[in-house]
Amino acid sequence: MLDQTKAPLLKALQESAHKPHAPFYAPGHKRGQGIPQPLADLLGSSVFRADLPELPDLDNLFAPEGVIKDAQELAAAAFGADHTYFLVNGSTAGVMAAILATCNQGDKIILPRNIHQCAIAGLVLSGAIPIFINPEYDPLTGLAYSITPAAVATALKRYPDAKAVMMLYPTYQGVCGDIQAIAQLAHQHNIPLLVDEAHGPHFAFHPDLPPSALSVGADLTVQSTHKVLGAMTQASMLHVQGNRVDRERLSKSLQLVQSTSPSYLLLASLDAARQQMALHGEQLMTRTLYLAQEARSKISHISGLSVLEPATTPGFFALDRTRLVVRISELGLSGFEADEIFHQQLGVTAELPTLEHLTFIISLGNTEADIQQLVQAFTTLTQEHYRPKCITRLQEAIQQWKAEMLFVHPSSFIIHPALSPREAFFAPTETLPVDQTLDRISAEWVCPYPPGIPALMPGEMINPAAIEYLQQVLILGGTLTGCSDPSLKTLKVVR
């Protein structure tokens, strides 16, 4: 039984930071002595003393034999994995490595159409062919949920040579699909289930949260420890169990996508976050769930607002109740407009605005005062002077948006790109006015942001619905990333 009270990497970094010696190694600021004064004023001096490279006492991320190995073993035990890898390039690196570890060029991988853009980067790097499944879309809420077991079964029947299934669990809004059934389907075909669990690292620590991906059969899962737990931004973990994923190839794949100069500040924060959850996780999550319920209850009683609750509908198997999704469209405001009012005037910043909703992450770091301020902000938002005189334009825009959503039925509809993302990414290209790009093959990905889910990607045929959807995002205050022209006046296509 491993001793979860220990934090071996954190302790080693602390000792190295206070060890007196003359530093003739990188980084150039030499334990903070050369840091620009404005930066030192902002962050203090102690953090720079701990900004150290791979010194002998601190182990090596890519060939761990000491404190990193010990820290990763403790993390595996805490999160329920056979083996855990620390990530300093975020979950982005983990998702890319998962695809690189399981797919060769030309291999097929089944994944949801609303996968994060880092998975598309993994497809470009690996040369794998995506078999996209549309997630379930609920026109009543205007939200996309998870892919369903039925859709995965159809895809596996049509493409029995697929090398892996990847799913998103949970979605940005905290919606969880039937991951156990999907894992069983993948295993019946003797292929791994890979999970982008970026927003679910807390699931393993409380019975009132959805089950963790590993606990219900996932072979590999990537978690953004920094998103909802106590690690620093960009610090994530990749967990693996069983023998369906080649560990040696996975390790090599991680070396391709991670920095050769990993930040020990990030690595130590993973060790500390694991220790915190292993020792106090259930207590911290009990308090977090209480705060979330307080917010949910009070906001749901404010006129004109509604809160996403669990539903018995395809693609909606469970809900992370620490994720608060508030529908505000009845106020006559778009989520983008409300988000700006919150941030600029009311002292509250959401995680994600969409056309009809604001999504908030409630985590172990939030306080009662935060919840009070959030509820007060919503109370203020509903006051008459924030409501537009006429809401017809917004209502029409919402209906148009829903009609043009890319998440169309049936959910078993499978999208096969005209070219692989890799072929399109490296193909000769030309830039054309957007109205001349219909029925051409996209050479770039276009992501409404947030949350960074591509509406167009390299290799995909450009269709009118996609263009109208993206233009509507811009009209209603959203932004586009990933494309060379974020105003969407032009698009880059395969020549």
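Everything below is about the structure printed above this text.
Residues numbered from 1 in each chain as written. Predicted model: local features only at pLDDT ≥ 70, side-chain atom pairs only at ≥ 80, totals over all residues. Heavy atoms only, no water.

## What about the overall build of the chain?
On a plain count of helices and strands, the chain comes out with 16 helices and 20 strands. Against the 2.2 N^0.38 benchmark of 23 Å for 495 residues, the chain shows a C-alpha radius of gyration of 23 Å, consistent with a compact globule. Considered along the principal axes of its C-alpha atoms, the chain spans approximately 70 × 55 × 45 Å. Classification of the 495 residues of the chain by burial places 58% in the buried group. Residue pairs in contact within the chain that sit at least 24 positions apart in sequence constitute 71% of those at least 6 positions apart. Accessible surface computed for the chain: about 20,500 Å², of which carbon and sulfur atoms make up 53%. If the 33 positive side-chain charges of the chain are averaged to one point and the 46 negative ones to another, these points end up 3 Å apart. (Helix = DSSP H or I, 4+ residues; strand = E, 2+ residues; numbered from the N terminus. Rg over C-alpha atoms; globule rule 2.2 N^0.38 Å. Buried < 20%, exposed > 50% of the residue type's maximum accessible area, 1.4 Å probe, protein only. Contact = heavy atoms within 4.5 Å. Areas by Shrake-Rupley, 256 points an atom, 1.4 Å probe, with all protein chains shown as cover. Lys, Arg positive; Asp, Glu negative; His and termini not counted. Charge placed at Lys NZ, Arg CZ, Asp CG, Glu CD.)

## Side note on the pattern of salt bridges
Under the counting rule described, the total for this entry stands at 13 salt bridges. Across the pair Glu 309 and Arg 321 runs a salt bridge whose closest N-O atoms are separated by 3.1 Å. With Glu 309 in the loop between strand 11 (306-307) and strand 12 (318-319) and Arg 321 in the loop between strand 12 and strand 13 (323-327), this pair connects stretches of sequence that are 12 residues apart. Between Glu 356 and Arg 327 there is a salt bridge; the shortest N-O distance is 2.9 Å. (Salt bridge = Lys/Arg side-chain N within 4 Å of Asp/Glu carboxyl O.)

## Structural notes on helix 13 (residues 368-381)
Taking 1.5 Å per residue as the helical rise, helix 13 with its 14 residues ought to reach 20 Å, and the 20 Å between its terminal C-alpha atoms agrees with that figure. Where the residues of helix 13 are buried, they touch helix 11 (264-300), strand 13, helix 12 (335-346) and strand 15 (357-361). (Expected span 1.5 Å × (residues − 1).)

## Quick word on the packing of aromatic side chains
All told, the structure shown has seven aromatic pairs when counted by the stated rule. With a centroid separation of 5.0 Å and an interplanar angle of 70°, the aromatic rings of Tyr 145 and Phe 316 are classed as edge-to-face. Of the two residues, Tyr 145 sits in the loop between strand 5 (143-144) and helix 7 (149-158) while Phe 316 sits in the loop between strand 11 and strand 12, which places them 171 residues apart along the sequence. Judged by relative accessible area, which is 1%, Tyr 145 ranks as buried. Taking the centre distance of 5.9 Å and the plane angle of 85° together, the rings of Tyr 169 and Phe 203 count as edge-to-face. Note that Tyr 169 is positioned in the loop between strand 6 (164-168) and strand 7 (175-176) and Phe 203 in the loop between strand 8 (193-196) and strand 9 (220-223), a separation of 34 residues in sequence. Put simply, the rings of Phe 342, Phe 360 and Phe 378 pair up and form one aromatic cluster. Just above the ring of Phe 132 sits the side chain of Arg 113; from NZ or CZ to the centre is 5.6 Å. (Phe/Tyr/Trp six-rings, centres within 6.5 Å; stacked < 30°, edge-to-face > 60°. Lys NZ or Arg CZ within 6 Å of the ring centre and 35° of its normal.)

## Describing unusual backbone geometry
The amide bond that connects Ala 26 to the next residue, Pro 27, takes the cis arrangement and shows omega of 5°. For Pro 27, the position within the fold is in the loop between helix 1 (8-17) and helix 2 (37-43). With an omega of 0°, the peptide bond running from Tyr 169 to Pro 170 counts as cis. Here Pro 170 lies in the loop between strand 6 and strand 7. Of note, the phi angle at Asp 439 is positive, near 65°, even though the residue is not glycine. Topologically, Asp 439 is positioned in the loop between strand 17 (429-433) and strand 18 (447-449). Judged by relative accessible area, Asp 439 falls into the exposed class, the value being 60%.

## Observations concerning the sheet that holds strand 13
Read from one edge of the open sheet, four strands run 11-13-15-14, paired in antiparallel fashion. The sheet terminates laterally at strand 11 and strand 14 (352-353), the two strands that pair on one side only. Sheet topology places strand 13 next to strand 15; five bridges connect them, and they run antiparallel. Looking across to strand 15, one finds that Arg 323 is bridged to Ile 361. Contacts from helix 12 reach strand 14 and strand 15 within the one sheet, and its direction differs from that of strand 15 by about 50°. (Pairing = 2+ DSSP bridges. Axes fitted to C-alpha atoms, helices over the stretch in contact; angles between N-to-C directions.)

Bear in mind that shape data such as this cannot, by itself, settle questions of function.
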